[in-house]
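Chain by chain, the residues run as shown.
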Amino acid sequence: DSNDLTDVENWTKSNYTKPNPEYYGKAKGMNVIYISMESLQNWMINYKLDGKEVTPFLNKLTHDKNTFYFDNFFHQTGQGKTSDAEFMMENSLFPLPQGSVFSTKSSNTYQAAPSILDQRGYTTAALHGNTGSFWNRDDMYKALGYEKFFDSQYYDMSDKNVINYGMKDKPFVQESMPYLEGLKQPFYAKMIWLSNHFPFVLPKEDIDFPAADTGDSVVNRYFQTAHYMDEALEQFFNNLKKDGLYNHTIIVLYGDHYGISENHNKAMSQVMGQKITPYENAQLQRVPLFIHVPGVKGKIDHTYGGEVDVRPTILHLLGVDTKDYISFGSDLLSNDHRQIVPFRNGDFATPKYTQVNGVCYQNPSGKVAANPKACKPYDNVVKKELALSDKVVYGDLLRFYHPKGYKPVNRAKINYASDQT
Ligand code: GP9
Ligand code: MN
């Protein structure tokens, strides 16, 4: 009801983080490309298997002069996995405590990043080498305001190009280039990559890295698919440099969620060289976030944050203030950024503490906090945020909310059939 919306408005207004003037609008008018790096966890960055870097391209990118690399960034997904990550990145709302928000709440009103930018003259497109109805994307993307969706109908899905859930990353990159290059600029595009997906299988001819030797074949193969994705990322960056898009495009790379579940703790303890306790498992929920911004000096940034924080970060770089939009995240580059990272189950991470299954641990020792109340203030914030975000989604509250100058998405005008474009 309208009281709920008032609570939500009050909460997000009082938690608004002012943009950092050093970065605000520094990428105004640039294109944006998001890449969902399937299942990539942050411990892979700079990890060496038998002395060999698994992700040499990304490792180099951590030091790129125009790139921000966030190494305390966590996924916040629930059962909706990849789609939950997409939901947070573009709405700055949390996904649902059960089930997939993409599957069950696509008829809601949203004020997602694509629709916000569409109204500022951006072309918006999603690219994914799998059936468009997976995770109900073909319906949800309309609600988010995507004008175009290049799904499997647009790709050559013959056997040589496909493994597991869909297109292998390298042919996906090659076939996506003409679609990206064909978009009227400025554009906002997101690509959902697939090869590094559980159970991490690749055809022999694509394997270019040794498997690990942990006795757990899933964990062993994870290094091979991650390496393959890293090579495809390098090809993609080279393509963007060749076609000239690189110099005026923000590129956001993020790991959507964990790849290795707790069922593999035994192998993971060998990989990490330590026992995987519940505390350690929570630390492993870090996923990499890279933001390449042409002309802006980047850095390795240790700020704590999560997927819900990305929308205000990117919009502020583009010079779009977010104070009129309902957001549960806060700009990672702002000096006022709130370093409390809620997990979807109500636990959380902050620079000082990690709460797991309701137990408060001290960082980085992982010892139970001496003061049993130490986590309580954060716990209150986290519970409140999740509850308010759930009210927005379950109550479809954004249909009653009218941001200044924002025109609602007109779904009837959107058609993703390949014979329509
Ligand atoms: C499938 C891809 C993988 O289209 O998004 O989904 P996941 O299982 O990671 O959610
Ligand atoms: Mn995924």
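Heads up: the structure comes first, above all this text.
Predicted, not measured: the structure shown is a model, and the values here were computed from it.

A. Structural detail: the site of ligand 1. Around ligand 1 sit Glu38, Lys81, Thr82, His128, Asn130, Phe134, Trp135, Arg137, Leu194, His197 and His257, and that is every residue in its neighbourhood. Between ligand 1 and asparagine 130 there is a distance of 2.9 Å, counted from an oxygen atom to a side-chain nitrogen or oxygen. For the shell around ligand 1, a count of residues per class yields three nonpolar, five polar and three charged.

B. Representation of the nonpolar core in the model. Of all hydrophobic cores here, the largest spans 73 residues; its most connected members are Ile291, Ile314 and Phe328. For this core, the element with the most residues is helix α12 (residues 376-394), which contributes five residues. Apart from residues lying up to four places away in sequence, isoleucine 291 is in contact with Asn66, Thr67, Phe68, Phe70, Ile250, Ile251, Val252, Thr313, Ile314 and Leu317. One finds Ile45, Tyr47, Ala212 and Leu245 within the second-largest nonpolar core, a separate group that totals 54 residues.

C. Up close: the pattern of salt bridges. One pass over the full model with this rule turns up 17 salt bridges. Between glutamate 90 and lysine 190 there is a salt bridge, with its nearest N and O atoms 3.0 Å apart. Placement of glutamate 90 in helix α3 (residues 81-91) and of lysine 190 in strand β9 (residues 187-192) is noted, with a sequence separation of 100 residues between them. Residue classification places lysine 190 among the buried residues on the basis of a relative accessible area of 2%. With a shortest N-O distance of 2.7 Å, lysine 170 and glutamate 231 are connected by a salt bridge. Here the residue lysine 170 occupies a position in helix α7 (residues 169-181), and glutamate 231 occupies one in helix α8 (residues 217-243), the gap between them amounting to 61 residues. By relative accessible area, glutamate 231 is classed as buried at 17%.

D. Highlighting the coordination of the manganese ion (ligand 2). In this structure, Glu38 (OE), Glu38 (OE), Thr82 (OG1), Asp256 (OD) and His257 (NE2) serve as the protein donors to the manganese ion (ligand 2), at separations of 2.1 to 2.4 Å. Note that the manganese ion (ligand 2) binds six donor atoms; their angles at the metal cover 56 to 163°, and the shape is irregular. By relative accessible area, which is 1% here, glutamate 38 ends up buried. Residue histidine 257 is classed as buried on the basis of its relative accessible area of 3%.

E. Local environment of the layout of surface pockets. Counted as a void, the largest pocket has a volume near 550 Å³. Tyr258, Glu262, Asn281, Gln285 and Asn345 are, among the 22 residues lining the largest pocket, the residues nearest its centre. For the lining of the largest pocket, the secondary-structure elements that each account for two or more residues are α10 (278-283) and β15 (353-356). With three residues, the top contributor of residues to the lining of the largest pocket is α10. Broken down by class, the residue content of the lining of the largest pocket amounts to seven nonpolar, eleven polar and four charged. Approximately 300 Å³ is the volume attributed to the second largest pocket.

F. Main features of the packing of helix α1 (residues 2-14) against α12. Close contact between α1 and α12 brings their axes to 10 Å; oriented N to C, the two are set at 130°. It follows that α1 is oblique to α12 by the angle criterion. When you trace α1 past α12, the crossing you get is left-handed. In contact with Asp4, Asp7, Val8 and Trp11 of α1, α12 contributes Val381, Lys384, Glu385, Leu388, Lys391 and Val392. Here the residues of the contact of α1 with α12 sort into five nonpolar, no polar and five charged.

G. Region of the structure containing the sheet that holds strand β11 (residues 289-292). Here eight strands make up an open sheet; going across it, the order is β6-β5-β9-β1-β10-β11-β4-β12 and the pairing mixed. Two strands close off the open sheet at either side, each with one partner strand: β6 (148-150) and β12 (299-306). Ignoring strand direction, the axes of neighbouring strands in this sheet form an average angle of 15°. Relative to β11, strand β10 (residues 249-255) is paired through four bridges, and the arrangement is antiparallel. Bridge pairing links leucine 253 to phenylalanine 290 in β11. In the packing of α8 onto the sheet, contacts are made with β1 (31-37), β9 and β10, and the angle to β1 comes to roughly 170°.

Analysis parameters
The written sequence of each chain sets the order in which its residues are numbered from 1. Here chains are named by letter from A upward and ligands by number from 1 upward, in the order in which they appear as written. Where local features are concerned, this predicted model is filtered to residues with pLDDT of at least 70; where side-chain atom pairs are given and counted, the filter is 80 or more; whole-chain, interface and lining totals use all residues. Excluded from the side-chain calculations are hydrogens and water; all other atoms, namely the structure's heavy atoms, are used. A single heavy atom is enough: if one lies within 4 Å of a molecule or strand, its residue is considered near that molecule or strand. Distance and chemistry together define a polar contact, namely a pair of N or O atoms within 3.5 Å, with one atom able to donate a hydrogen and the other to accept it when in protein, and with adjacent residues in sequence counting only for side-chain atoms on both sides. Only Asp, Glu, Lys and Arg are considered charged in this grouping, and only Ala, Val, Leu, Ile, Met, Phe, Trp, Tyr, Cys and Pro are considered nonpolar; every other residue, Gly among them, is considered polar. We define a nonpolar core as any set of buried Ala, Val, Leu, Ile, Met, Phe, Trp, Tyr and Cys residues linked to one another through side-chain atoms lying within 4.5 Å. Three labels apply to residues, based on accessible area from a 1.4 Å probe with only protein chains included: buried if under 20% of the type maximum, exposed if over 50%, partly exposed otherwise in between. In this description a helix means any DSSP run of H or I spanning at least four residues, a strand means any run of E spanning at least two, and both kinds are numbered starting from the N terminus. Contact definition: two residues touch when any of their heavy atoms are within 4.5 Å. Salt bridge, as used here: a side-chain nitrogen of Lys or Arg that lies within 4 Å of a carboxyl oxygen of Asp or Glu. Each metal site lists N, O and S donors within 2.8 Å (3.2 Å for Na, K and Ca). With water left out of the atoms, a site can look as if it is missing ligands. Just to be clear on the cut-offs, tetrahedral is four donors with all angles between 85 and 135 degrees, square planar is four donors and octahedral six with opposite donors over 155 degrees apart and all others between 65 and 115, and anything else goes down as irregular. Every definition here rests on a 1 Å grid over the protein atoms only: cavities are sets of points where a 1.4 Å probe fits but cannot get out, pockets are open sets enclosed by protein on both sides within 12 Å along at least five of seven lines, and lining residues have some atom within 4 Å of a point. Grid points are joined across faces, edges and corners, and a volume is the space filled by probe spheres set on the points. As a rule, the C-alpha atoms of each element are fitted with a line to give its axis, helices using only the stretch in contact, and angles between N-to-C directions run from 0 to 180 degrees. Note that the term roughly parallel is reserved for angles under 35 degrees, roughly antiparallel for angles over 145, roughly perpendicular for angles of 65 to 115, and oblique for everything else. Helix crossings are classified by the rotation of the near helix relative to the far one: an anticlockwise turn of less than a right angle makes the crossing left-handed, while a clockwise turn makes it right-handed. Pairing between strands is defined by DSSP: at least two bridges between them are needed.

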